[in-house]
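This is what each chain is made of:
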There are 2 protein chains.
Amino acid sequence: MTMHRLYILLVGLFISCAITAEAHNLSSPDGNLNLEFALDAQGQPVYRLLYKSKSVIEQSRLGLLFDETSMTDGFTIKDVSISEFDEVWNPVWGEYAQIRNHYNEMAVELVQSGTRQRTMTLRFRLFNDGLGFRYEFPEQRFLNYLTVKDELTEFNLTGDHTFYCIPGDYDTNEFAYTTAPISQIRKGMEINLRKKGYESKATSFSVQTPLQIKTTDGLYVNIHEAALVGYSAMLLNVDDVKFSLNAHLTPDKNGKKGFVQLPFATPWRTVIVSDDARDILASQLILNLNEPCAYDDVSWIKPMKFMGVWWEMFIGTGKTWAYSDKYNAKPGVTDYKALPPNGHHPANTAHVKEYIDFASENGIDAVLVEGWNEGWEDWGSYHKDRQFLFNKPYPDFDVEALQAYAASKGVKIIMHHETAANASDYELQMDDAFSYMNEHGYSAVKTGYVGYVIPRSEYHSSQWMNNHYIEVARRAARYHIMIDSHEAVRPTGLCRTYPNWMAQESARGGEFESMGGNDPDHTAILPFTRLKGGPMDYTPGILQTQLSYYNGEKNDQFVHTTLAKQLALYLTMPSPIQMAADLPENYRRFNDAFQFIREVPVDWSDSKYLEAEPGDYITVARKDKNSDRWYVGAITDENERTAIIKFDFLPAGKKYEATIYEDAKDAHYQTNPMSYNIRKIKVTSKTVLKQRLASSGGAAISIREL
Amino acid sequence: MTMHRLYILLVGLFISCAITAEAHNLSSPDGNLNLEFALDAQGQPVYRLLYKSKSVIEQSRLGLLFDETSMTDGFTIKDVSISEFDEVWNPVWGEYAQIRNHYNEMAVELVQSGTRQRTMTLRFRLFNDGLGFRYEFPEQRFLNYLTVKDELTEFNLTGDHTFYCIPGDYDTNEFAYTTAPISQIRKGMEINLRKKGYESKATSFSVQTPLQIKTTDGLYVNIHEAALVGYSAMLLNVDDVKFSLNAHLTPDKNGKKGFVQLPFATPWRTVIVSDDARDILASQLILNLNEPCAYDDVSWIKPMKFMGVWWEMFIGTGKTWAYSDKYNAKPGVTDYKALPPNGHHPANTAHVKEYIDFASENGIDAVLVEGWNEGWEDWGSYHKDRQFLFNKPYPDFDVEALQAYAASKGVKIIMHHETAANASDYELQMDDAFSYMNEHGYSAVKTGYVGYVIPRSEYHSSQWMNNHYIEVARRAARYHIMIDSHEAVRPTGLCRTYPNWMAQESARGGEFESMGGNDPDHTAILPFTRLKGGPMDYTPGILQTQLSYYNGEKNDQFVHTTLAKQLALYLTMPSPIQMAADLPENYRRFNDAFQFIREVPVDWSDSKYLEAEPGDYITVARKDKNSDRWYVGAITDENERTAIIKFDFLPAGKKYEATIYEDAKDAHYQTNPMSYNIRKIKVTSKTVLKQRLASSGGAAISIREL
């Protein structure tokens, strides 16, 4: 503290005064985290966050600017109330059967000077694993409608920390990560930028959240938001000289950042902190800051593993989503039956039946079919009123026959709704589409938002669209339909409230392995960033990692992992709707390795993060929600390493057999990725396993009691 | 012709060349209208329109600019095909039981030089009453998506003609008309501008269509568009020095004027021409240029007369749409049952039953109820995600009880959906709202779009919204629901294609008589302008014209007509969904005059325009669609006049009794508006009646065979 005070005295007297003179303090239940709140001499709210007595967030401003008024300064404190909350709740699915929501709360009611006495409440919740705070505007006489102009929220950091980040963008999150000190991320992200096709770069230098930070003194800090409802998504402006961040709300195309009516509350701004990287992964802070489940009946929400007519369109064998080569066919206008089929359309009845057969034989719950509906010939356009019809199958896709066939085999078919980001047309078709799903036995849909958004005032992350995604989840719930959304705004824990919103993509997923590749450290960063908001449909399980295998056409394209690491991803990238993304033929070829995918659960009663370092490695043990079986996954980046796996998560005094799916000695993600070994060892709670992982390798372990 | 040619030789040789050297000509079936089409030396398409050998439209350019390419010049003519079309069709409702669609057509296929050989077809249809033309872009190899940048279409006029016009605006048409020579309309419209509250003035000096013109040599010319589908609405830029007009398409807020995919066709640009103003009113050209009815079954579409809980909210007696005075109540959030009722909410069960009783007793088909649903306390905001719920009645409005009561009395209730221009939320709620209507016996809905549009990229007249209105009509048709839309884009004859889109407001309607008033010539202009696109829900029938009658609070507010003129409006402002807008108590007081409203039909088998001059007077005779009875209506502007009514529309050799509802001798719209007289005379087909009309007066005549 002494050093810190010296520092702030140097940068400005009033800052020091604020913290020292009028600070209101809050501690986490375990006392490790401390929050200081104060008003400075101008009546500006400021806060500071400390972890084990060290500053994590230096004194930082709070406040909101509206077109109509400024809620930034001139405040006095009307009331400060402190309370404690402690409950345990049971998520419908997830990494844990029970989640403890334990925090100390400080609500600071501020009143602005002047005759209008405008009030704003700052609500801070301090958990053992971090901080959440938000702005609340209670109903009041002289404020009703507000147009959000800017949010001032600052996160002033304590040094030139390492960021694991992607560039600020209003439309997409599908970027490769840059790992660098703050002072170097600008250049790093420029070098590392891999275009996707519909970026809308933020108007200032910024990064996206969840932002993982490692401080110069070894703290792990994660900044994001929780419960993004009725508001636009937050990016973070970066001052790479002062090491300061501040909120950058996604505007609409008129430059407005949100339209709100009182009473309203912003999403929670979250700062997860620990000196142990494993705690960042284990943190349930963001879920805890979301509202409880909005549905009374959740019996219809069922985690599932699925395969799909999907990866074969990426591997360079000429397979297409489109049924014909008619470049400008129009759904609802063109008579698709009259079009000559292109002969390379895998979403056809016979081929889907093969998937159903395979899924049924291997205990896979469901089969996703992409390219089943009219429109794929010509869909990627912002110019069209309607890109797709969601109740018009292609002529070679027999919905009724497949419904009967799938039912007879005990397999579900997963619907696909690519909206081409025409959200307004999707809203028009949504009820028809969900009714159609109900009529034909579908209970889950993968949605997609590829391209620039319609309504044309909106970005993927602007307020109107954020309302849209929630409306889709809620509307789907009416029909007992589960959602796996792609290209939507990155998640903020809303799956607690709307647990049928099972998973999202909203990051650079496995598909990019066929389009330039994902870096070996990518999946060692995502659990620290993207996954803090909720599960990701990453599409693991690609065992045939080299695409040159197919016909040489994509001979420079390959999955940047070993085969064993693909298996480990089922543990390190948990999702209640999890794909086995490779082709059935590859799973037949690697039948012994596929056994792990066959049996790995997708819903857990407990999780133990054994080892973790962002961008380097993750080792995690999880317990099946529906049995006593444990599974372990370990991954590493391009550096081979030896994972130290302590089996002390197992009950003492019992004997187990662990089946280890590991990199063979000569495995390497570039030169020999599919070299793997399967071995069985005996373990107890006292076992410590030194498990070697190859370069971008991994290990997956299935444990059963003997 | 000689004089004209001399003129164009003076202004430029190439213009003269174009018309003389390469002109392709088309004549109307009766030969009165002639169209000349040519390419000029730059390959720019130009046209000229002549009526009885006199220029109506001087040589004018045609062409479209897209962000992607220019379709304006460099053309050669690939093919010109001329054909004739003649058919008679039967509208579901309207002024005529049968409509003849008779035209000569010239399709000019143009090819642009260069390797891409882009093609555009100009299709001209020349009717006896005018011209329609449009741009067509057939499917072609090197064009698929286009972003509309500008439409060049010119209408070069022949002199300083008189315009009957309202200012160019992207959001509203509810302006008072200015009548002035072109050279003076700019100033005239400025002086005459009466603000409405959500104007979005066009970015250049422009007027709206339908634009009525009277030329310096006595021709009547009407410019509008037909079949506005998938395109933005057209304003007309005015060059008040050169007396030239050109298309000004409504942009979205990103400045884009439309997104189209080939094949596509623009709406028809229409020029109705005659030397007799009556022909302008009688013209069915705009309907003829629309596509035939899109529905197989139209048996559920039923013209109707209605009253409503409506006018009483305008007359200054403190009645409100809102149920309570809670300024920021929120539908779906606030518990309205817990709110104190404000005690002046007429949309309550008991009061609506009174309307039902009155309607039932007087043969009125239906009762509109505004203010029945949650949201009116706080609805006019662009900031809200949801202003209204369309299936949540106020606590004092018992939907089930009223459904039963109305059914027992043989009266329908008309639903009201004020969307507050939140079109995207209406799309979300539409199916639920229409289902709710079906469940509760409603078959018609008045929709409203007051305020700035959400999605926030859009204006009321931009492309996305134009698609929206059509989608609402189509979706409503699924539920057998009729639409009467207020504040939507002005109509373009789409009621032929979607005849459940019965009427629109989309102009300054009767309600403005309580808010500053409508000029006495207003309803002598509207039939020449707004009504050319389709029926208007003008809300005639206000017999108590002075609002000071109620409590003096609006003592400067009055209806700017006599009582008799209000009756005549049922003939001069035909609509298949026509309101009797006054209060039951007033109809009881003026029971003898109300008899005309009781019996006047709303659907016609024939119509004869007997006298007409825009802005001055209109006299029309119409024959009931369901009987042999004829009705006549005559109105005048502020100048009293004597209408000369020739009864030669009646079958010869039969005797009739005509009941005349007329201005009394001392009637005057300002000083003595409610002074009227009812008399009966005998008439035959040979009768010529000299019928005096007071200042802003009228006469309504009911004729029955003896």
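Refer to the structure presented above.
Criteria and thresholds
Residues numbered from 1 in each chain as written. Chains lettered and ligands numbered in written order. Predicted model: local features only at pLDDT ≥ 70, side-chain atom pairs only at ≥ 80, totals over all residues. Heavy atoms only, no water. Helix = DSSP H or I, 4+ residues; strand = E, 2+ residues; numbered from the N terminus. Rg over C-alpha atoms; globule rule 2.2 N^0.38 Å. Buried < 20%, exposed > 50% of the residue type's maximum accessible area, 1.4 Å probe, protein only. Contact = heavy atoms within 4.5 Å. Areas by Shrake-Rupley, 256 points an atom, 1.4 Å probe, with all protein chains shown as cover. Lys, Arg positive; Asp, Glu negative; His and termini not counted. Charge placed at Lys NZ, Arg CZ, Asp CG, Glu CD. Buried area = accessible area lost by both parts, 1.4 Å probe. Salt bridge = Lys/Arg side-chain N within 4 Å of Asp/Glu carboxyl O. Polar contact = N/O pair within 3.5 Å; in protein donor to acceptor, adjacent residues only side chain to side chain. Nonpolar A, V, L, I, M, F, W, Y, C, P; charged D, E, K, R; others polar. Pairing = 2+ DSSP bridges. Axes fitted to C-alpha atoms, helices over the stretch in contact; angles between N-to-C directions. Least-squares fit on C-alpha atoms with pLDDT ≥ 70 in both. Phe/Tyr/Trp six-rings, centres within 6.5 Å; stacked < 30°, edge-to-face > 60°. Lys NZ or Arg CZ within 6 Å of the ring centre and 35° of its normal.

Undergrad: Provide a residue-level description of the overall build of chain A, including the pertinent values.
TA: On a plain count of helices and strands, chain A comes out with 14 helices and 37 strands. Here chain A has a C-alpha radius of gyration of 25 Å; the compact-globule value for 706 residues is 27 Å, and the two agree. Taken along the three principal axes of its C-alpha coordinates, chain A extends 75 × 65 × 50 Å. Looking at chain A as a whole, 66% of its 706 residues qualify as buried. Counting contacts in chain A only where the partners sit at least 6 residues apart, residues at least 24 apart contribute 72% of the total. Total accessible area computed for chain A in this model is approximately 23,300 Å², and 48% of it derives from carbon and sulfur atoms. Each charge class in chain A can be summarised by its mean position, and for the 71 positive and 91 negative side chains these summaries are 2 Å apart.

Undergrad: I'd like to hear about the interface of chain A and chain B, residue by residue, with values.
TA: On the chain B side, the residues contacting the 43 residues of chain A number 43 residues. Interface area lost by chain A to chain B is led by A:Phe259, A:His383 and A:Leu428, which between them contribute 20%. The interface formed by chain A and chain B holds four salt bridges in total. For B:Asp432, the salt bridge goes to A:Arg478, with nearest N and O atoms at 2.7 Å. For the interface between chain A and chain B, the tally reads 29 residue pairs in polar contact (both at pLDDT 80 or more). Among the secondary structure elements, those contributing two or more residues to the side of chain A that touches chain B are strand S11 (145–151), strand S20 (259–261), helix H8 (423–439) and helix H9 (463–478) of chain A. With six residues, the single largest contributor to the side of chain A that touches chain B is H9(A). Here the side of chain A that touches chain B is composed, by residue class, of 15 nonpolar, 12 polar and 16 charged.

Undergrad: Provide a residue-level description of the sheet that holds strand S30 (residues 604–613) of chain B, including the pertinent values.
TA: All names here are of chain B. If you trace the six strands from one edge of the open sheet to the other, you get S30-S31-S32-S37-S34-S35, paired in antiparallel fashion. The open sheet has two free edges, formed respectively by S30 and strand S35 (676–683), since each of these has just one partner strand. Adjacent strand axes in the sheet meet at a mean angle of 15° when their direction is disregarded. As paired strands, S30 and strand S31 (residues 617–624) are joined by eight bridges and run antiparallel to one another. Within S31, the position partnered with Glu611 by the bridge is Thr619. Set on the sheet, helix H12 (residues 563–572) makes contact with S30, S31, strand S32 (630–636), strand S34 (656–663), S35 and strand S37 (698–705); between it and S32 the angle comes to about 125°.

Undergrad: Requested: an account of the sheet that holds strand S34 (residues 656–663) of chain A, with residues and values cited.
TA: All names here are of chain A. Strand order in the open sheet formed by six strands is S30-S31-S32-S37-S34-S35, and the pairing between neighbours is antiparallel. The open sheet terminates on both sides in strands that have one partner only, identified here as strand S30 (604–613) and strand S35 (676–683). Between one strand axis and the next, the sheet turns by 15° as a mean value, whatever way the strands run. Where strand S31 (residues 617–624) meets strand S32 (residues 630–636), seven bridges bridge the pair, whose relative direction is antiparallel. Of the residues in S32, the one forming a bridge with Thr619 is Ala634. With respect to the sheet, helix H12 (residues 563–572) is in contact with S30, S31, S32, S34, S35 and strand S37 (698–705), its orientation differing from that of S32 by roughly 125°.

Undergrad: So what's going on with unusual backbone geometry? Residues and values would help.
TA: The step from B:Thr209 to B:Pro210 runs through a cis peptide bond, and the omega angle for that step is 0°. Inspection of the secondary structure assignment puts B:Pro210 in the loop between strand S15 (206–208) and strand S16 (211–214). Here B:Leu262 and B:Pro263 are connected by a cis peptide whose omega angle stands at -10°. One non-glycine residue, A:Ser53, adopts positive backbone phi at about 70°. Among the structural elements, A:Ser53 can be located in the loop between strand S3 (45–51) and strand S4 (54–61). In this structure, A:Phe243 is a non-glycine residue whose phi angle is positive, near 60°. You can see A:Phe243 is positioned in the loop between strand S18 (234–239) and strand S19 (244–249).

Undergrad: Now, about the pairing of S37(A): what can you tell me, with residues and values included?
TA: Residue and element names in this part refer to chain A. Burial of S37 is extensive: six of the eight residues sit out of reach of the surface. Note: S32 against S37, six bridges, orientation antiparallel. Within the sheet, the bridge partner assigned to Trp630 lies in S37 and is Ile703. Here seven bridges tie S34 to S37, and the two strands are oriented antiparallel to one another. When the sheet's bridge partners are listed, Thr659 is paired in S37 with Ser702.

Undergrad: Kindly report on the relation of the copies chain A and chain B, identifying the contributing residues and their values.
TA: The two chain copies are connected by a rotation around an axis plus a translation along it. In the superposition of chain A on chain B (RMSD 0.1 Å, axial shift 0.1 Å), the rotation amounts to 180°. What the superposition gives is, in effect, a two-fold axis relating one chain to the other. Measuring from the rotation axis to each C-alpha of chain A, the shortest distance belongs to A:Ser457, at 2.2 Å. Residue by residue, 100% of the interface of chain A is reproduced at the interface of chain B, so both copies engage with the same surface.

Undergrad: Provide a residue-level description of the packing of aromatic side chains, including the pertinent values.
TA: The geometry of an aromatic ring pair comes down to the distance between the two centres and the angle between the two planes. All names here are of chain A. This structure, assessed with the given rule, holds 86 aromatic pairs over all chains. Centre to centre, the rings of Phe85 and Tyr103 are 5.1 Å apart; their planes meet at 20°, and the pair counts as stacked. With a gap of 18 residues between them, Phe85 in strand S7 (residues 75–89) and Tyr103 in strand S8 (residues 99–112) connect regions that are remote in the sequence. The exposure class assigned to Phe85 is partly exposed, which follows from its relative accessible area of 31%. What makes Tyr103 buried here is its relative accessible area of 6%. Geometrically, the ring pair formed by Tyr295 and Tyr498 is tilted, given 6.1 Å between the ring centres and 55° between the ring planes. Of this pair, Tyr295 sits in the loop between helix H5 (285–288) and strand S23 (304–309) while Tyr498 sits in the loop between strand S27 (482–486) and strand S28 (501–504), placing them 203 residues apart in sequence. With respect to class, Tyr295 is no different from Tyr498; both count as buried. Ring pairing ties together the aromatic residues Trp310, Trp311, Phe314, Trp321, Trp376, Trp379, Phe388, Phe390, Tyr426, Phe434 and Tyr479, which thus form one cluster. The ring of Phe205 has Arg186 lying over it, and the distance from NZ or CZ to the ring centre is 4.1 Å.

Undergrad: So what about the environment of A:Lys196? Which residues, and what values?
TA: Mapped onto the secondary structure, A:Lys196 falls in the loop between helix H3 (182–192) and strand S15 (206–208). In the structure, A:Lys196 is positioned 79 residues away from A:Asp275 in sequence and 35 Å away in space, judged by C-alpha atoms.

Undergrad: Outline the pattern of salt bridges, listing residues and values.
TA: Under the defined criterion, the tally for this structure stands at 74 salt bridges over all chains. Across the salt bridge formed by A:Lys319 and A:Glu312, the nearest N and O atoms sit 3.6 Å from each other. Residue A:Glu312 is classed as buried on the basis of its relative accessible area of 4%. Two residues, B:Asp67 and B:Lys256, come together in a salt bridge whose shortest N-O distance is 2.7 Å. Of this pair, B:Asp67 sits in the loop between strand S5 (64–66) and strand S6 (70–71) while B:Lys256 sits in the loop between strand S19 (244–249) and strand S20 (259–261); the two residues are 189 residues apart in sequence, bridging distant segments of the chain. The class of B:Asp67 is partly exposed, set by a relative accessible area of 36%.

Undergrad: Describe the environment of A:Asp86, naming the residues involved and giving the relevant values.
TA: Residue and element names in this part refer to chain A. Locating Asp86 in the fold gives a position in strand S7. On the basis of relative accessibility, which here comes to 42%, the residue Asp86 falls in the partly exposed class. Each C-alpha atom of the pair Asp86 and His102 lies 4.2 Å from the other, and the pair is 16 residues apart in sequence. In this structure Asp86 touches Arg100, Asn101 and His102, once residues within four positions along its chain are discounted. For Asp86, the side chain forms a polar contact with the side chain of Arg100, separated by 2.6 Å.

Undergrad: Can you lay out the pairing of strand S8 (residues 99–112) of chain B for me, pointing to particular residues and giving the numbers?
TA: Residue and element names in this part refer to chain B. Most of S8 sits inside the fold, with 12 of its 14 residues counted as buried. Where strand S7 (residues 75–89) meets S8, 14 bridges bridge the pair, whose relative direction is antiparallel. Directly across from Ser83, in S8, lies its bridge partner Glu105.

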